[in-house]
Structures are given as C-alpha cells and as structure tokens.
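Here are the chains, one letter per residue:
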Amino acid sequence: MRFLHTSDWHLGRAFHGVGLLPAQELFLDDLVATVEREQVEAVLVSGDVYDRALPPPDAVRLLSRTLGRLRRAGAQVVLSAGNHDSPARLGFADEVLAAAGVHVRTTADSLTEPVRIDGVEIFPVPYLEPAFAADRLGAGERSHAGVLRAVTDRIADARSGDLPSVVMAHVFAAGATTTDSERDVSVGGLGVVPAEVFDAFDYAALGHLHRPQQLSERVRYSGSPVAMSFSEAGRSKSSLLVDLDEHGLAVRELPAPVLRPLARLRGSLEQLLDDPALADHADSWVEATLTEHAPRAMERLRTRFPHCLRLEIDAPSRQGDLRSYADRVRGRTDLQLCCDFVEHVLGRDADESEQELLREAIDGAAVQRRGADRETSGAERAGDVGRGTTGAA
C-alpha cells in the first residue's frame, strides 16, 4: 500500500493574531494534488485535525471539503483524534463516514479493530488521557507510557500476523525534539512514551510534535504541515509518502508548500530598516529583536516588513527612576507632564506648536471643570434647601 503520513493540521489556528486558514488550505490543495499524482491509496492524519475542541465554522467547512476531494482523488482517509480535538465532534457520524471511505477514530472503543486497506492493517490510536483511560485499559501505570503499552499489547494480540501493520498515535515519544508551538507536551516526563512500544508494527505514524523527525526506520513524526511558532523558522515542513508491503518499507519526504516564510531578525532599528541583505524578508512573517530602545519601533518596522508580527527588545536596561510617582510629578505643571509624555512616546521634545495645542487643551479642560464644579455646587445647595423645607414640614 502507498499512503501519506500527515498530522497536526490544527485547522483554525492563529499565528500571533493572524489566521492560518489560507496557509492550511494551500497545504490541503497540495495534498489532494499529491494523492492524484502519486496514486496514493490512503491519507493518514495522526491527531490534532482541529486546533481546538470547538473549531470555527470555516475550519469545519475546509475539512469537509478536503475529505470529499481526497475521496474523489481515490484515497481513503484515516483520522485519529489528538489532544486538541473534541472526540464527540470529530467523531460525529463516524459509522456513516466509514462506509464512504473516511475512517475516524476518537475513543478507546475500537482500538483493536483495524482499518484494512489493500492488504495492510492500520490501527488508529486516538489521544488517550491516562487519568481516564488507564483503569479502563488495565494499564500498569497511570501515565502515557502505561496506557500506550496496554494499547499496543491489545493490538498485538488482535492483529493478523501475516499482514503488514501500521499504528497511528498522538504521543511524545522519547528521543524526539519539540518546538515552541506544542502547547502541552509533557510535565516532569509523565507524558513521554518509549519508542519501543511500537516495535511490533511495521510502521508507526506519529503525531503531536510539529518538527518532522525519524526516531527509527519505522517510527517517524511527519510534523505539522504549517509552521506555528518562530522557533520553526528556517525549517522545512513536509508529509511522508510511505510504501509498505510484505517485502519492506520505503519512505520519501515530500516538502509542503509555504504561503509565507518565517524570519527572525536581530539588530538595531537602523540596521533592520537599511540592511539590503534583508530585502528577501519583505513578504515574510517577521519576529524582530531590537538591540536598542526606539520610539514607534513596530510602526517603523512595518514600513519595510508589513508582516512583522512580534517585537522583542534585547537592550541594556535603562536606569529607572526609583522615586514614587507622586515624588516624580510633584511641582510639575500640567503642561510639563504632557510634554514629558510626548517625549516618552516620540523620543523627542514637543515643539512650540505642539506645546501651544497642549496648552489650549489644558486651559479648555480647566474651563469645563470649573463649569462642572459650579453646576455641582448649585445642585447641592438646592438639595440642602429642599431637605430643610421637608424637615420643617
């Protein structure tokens, strides 16, 4: 069988406030084209189909449309739930979908029932939270490793010994490398699963980690098809094209299309704005680290890098004024305080015309305040008279 190993689509995710759906749609268009070009028989998605349990409608529509296109292109589809997916929502109508060639596994109910495609048994293992699954599965320990051992032992007993087998799992396997975009990988090692639990299978199609990597010839992460953190800048994204039969295994990495590359830039504001070597990043999503304090830095950076999404300052800290705010403003006029604010924001002193505007605004506010005070005093006097009259009555 020839199949594509993918994972971690995270449909509906945002990247520093920018929606990733156009980038994800570009990948899915390419995925359909790959199925047609390479005559792929199955597409495997090892968890985190959506980015959150309640996905936005646009993400649901994109998944629905893509599943239809993949089936029309000739591939069956196998999806398993990740820790970001809602089992109930992703698994809706799973029996009807299975009849149409889209196999969705979201719970522990059918772990030992393989999806059979062209003489290969595929065992999709959804993300299983140890706190809820350990006792039900008879796991020796309440951990991800304990749960996966119990699961793979059950599958090993149920599988047909004469057919090649594939296991899909959404886990953090020992020896793998993380990125900044996995939100909840492991705490204190409790989430780590030894790669040996997959030894009984001809191929382990893993998901959960967003960097493509190979733990052994038969145990691999496809990684996410779209970058989701600046820690992935400069790293390629891909899917894995796998040929598996009774004669052996062959894996080929297929690069994923990139809607907009990532760039991490560092230097003074002047360097980033003037360096001709940075011209290639004008269309990139940019993370800029300035080595100085500069007024309106993000606004000015976006004149050259309109897709700058993140700004960090790594400069010697300014010696702050340790006095209290009351001490710092004592004796200063309203106009002086306003001019201090202009200097803080613009990095220069307010000029004469700006000072005149500020003076007019301060004087106008003072007039309004005095008028409001007179109205309040008049109302209070009227109230006193009224109360006195009532009391006399």
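Everything here concerns the structure above.
What this report covers is the structure whose coordinates are included nearby. Remember, it's a predicted structure, so these values are computed and weren't measured experimentally.

A word on the overall build of the chain. The number of helices and strands found in the chain is 11 helices and 19 strands. In terms of overall size, the chain is more extended than a compact globule, its C-alpha atoms giving a radius of gyration of 31 Å where 393 residues would be expected to give roughly 21 Å. Reported as C-alpha extents along the three principal axes, the dimensions of the chain are approximately 100 × 75 × 40 Å. Residue pairs at least 24 apart in sequence account for 64% of intrachain contacts in the chain once pairs closer than 6 positions are excluded. Of the roughly 20,200 Å² that the chain leaves accessible, carbon and sulfur atoms contribute 49%. The centroid of the 44 positive side-chain charges in the chain is displaced by 4 Å from the centroid of its 61 negative side-chain charges.

The next thing to look at is the packing of helix 1 (residues 21-38) against helix 2 (residues 57-72). At a minimum axis separation of 10 Å, helix 1 and helix 2 run at an interaxial angle of 10°. Comparing their axes, helix 2 and helix 1 come out roughly parallel. Residue-level contacts link Leu21, Glu25, Leu28, Asp29, Leu31, Val32 and Val35 of helix 1 to Asp58, Ala59, Leu62, Arg65, Thr66, Arg69 and Leu70 of helix 2. Classifying every residue of the contact of helix 1 with helix 2 by side-chain character gives 8 nonpolar, 1 polar and 5 charged.

What follows concerns the nonpolar core. Within the largest apolar cluster, 29 residues are counted, with the highest numbers of intra-cluster contacts made by Leu128, Leu137, Val147, Val151, Val171, Phe198 and Leu206. Ranked by residues supplied to this core, first place goes to helix 6 (residues 144-158) with 5 residues. If we skip the residues at most four places from it in the chain, leucine 137 touches Leu111, Leu128, Val147, Ala150, Val151 and Arg154. Judged by nonpolar contacts, the second largest core, of 28 residues, contains Phe27, Leu31, Val32 and Leu70.

The next subject is the sheet that holds strand 1 (residues 2-6). Taken in spatial order, the 6 strands line up as 6-5-4-1-15-16 in an open sheet, and their pairing is mixed. The open sheet terminates on both sides in strands that have one partner only, identified here as strand 6 (102-105) and strand 16 (248-255). Pairs of neighbouring strands in the sheet enclose a mean axial angle of 20°, with direction left out of account. For strand 1 and strand 15 (residues 238-245), the ladder comprises 4 bridges, and the chain directions are antiparallel. Within the sheet, the bridge partner assigned to arginine 2 lies in strand 15 and is aspartate 243. Sitting on the sheet, helix 2 is in contact with strand 4 (42-46), strand 5 (76-80) and strand 6, with an inclination near 140° to strand 5.

This part takes up the pattern of salt bridges. The full count for this structure, using the stated rule, is 22 salt bridges. Of the charged contacts in the structure, one is a salt bridge between aspartate 51 and arginine 13, with a shortest N-O distance of 3.4 Å. Of this pair, aspartate 51 sits in the loop between strand 4 and helix 2 while arginine 13 sits in the loop between strand 1 and strand 2 (14-15), and the two are 38 residues apart along the sequence. Each of the two residues, aspartate 51 as well as arginine 13, counts as buried.

Structurally, glycine 207 can be placed in strand 12 (residues 203-207). Between the C-alpha atoms of glycine 207 and glutamate 95, which are 112 residues apart in sequence, the distance is 24 Å. Residues in contact with glycine 207, not counting those within four places in the same chain, are Ser7, Asp8, Ser46, Ala169, His170, Val171 and Tyr221.

Turning to the side chain of aspartate 8, a few remarks are in order. Position of aspartate 8 among the secondary structure elements: in the loop between strand 1 and strand 2. Buried aspartate 8, no salt bridge; nearest opposite-charge side chain is arginine 13, N-O distance 7.5 Å. For aspartate 8, the side chain forms a polar contact with the side chain of serine 7, separated by 2.7 Å.

Attention shifts here to the pairing of strand 9 (residues 165-170). Within strand 9, 6 of the 6 residues are buried, leaving the element largely enclosed by the surrounding structure. By the alternation rule, side chains of strand 9 split into Ser165, Val167 and Ala169 and Val166, Met168 and His170, which are all buried. The pairing of strand 8 (residues 120-124) with strand 9 spans 4 bridges and is classified as parallel. Directly across from phenylalanine 123, in strand 9, lies its bridge partner valine 167.

A few words on the environment of proline 194. Secondary-structure assignment places proline 194 in the loop between strand 11 (192-193) and strand 12. Separated by 50 residues in sequence, proline 194 and histidine 144 place their C-alpha atoms 9.7 Å apart. Setting aside anything within four residues of it in sequence, one finds proline 194 in contact with Ala145, Arg149 and Ala174.

Criteria and thresholds
- Residues numbered from 1 in each chain as written.
- Predicted model: local features only at pLDDT ≥ 70, side-chain atom pairs only at ≥ 80, totals over all residues.
- Heavy atoms only, no water.
- Helix = DSSP H or I, 4+ residues; strand = E, 2+ residues; numbered from the N terminus.
- Rg over C-alpha atoms; globule rule 2.2 N^0.38 Å.
- Contact = heavy atoms within 4.5 Å.
- Areas by Shrake-Rupley, 256 points an atom, 1.4 Å probe, with all protein chains shown as cover.
- Lys, Arg positive; Asp, Glu negative; His and termini not counted.
- Charge placed at Lys NZ, Arg CZ, Asp CG, Glu CD.
- Axes fitted to C-alpha atoms, helices over the stretch in contact; angles between N-to-C directions.
- Parallel < 35°, antiparallel > 145°, perpendicular 65-115°, else oblique.
- Nonpolar A, V, L, I, M, F, W, Y, C, P; charged D, E, K, R; others polar.
- Core = buried A, V, L, I, M, F, W, Y, C linked by side-chain atoms within 4.5 Å.
- Buried < 20%, exposed > 50% of the residue type's maximum accessible area, 1.4 Å probe, protein only.
- Pairing = 2+ DSSP bridges.
- Salt bridge = Lys/Arg side-chain N within 4 Å of Asp/Glu carboxyl O.
- Polar contact = N/O pair within 3.5 Å; in protein donor to acceptor, adjacent residues only side chain to side chain.

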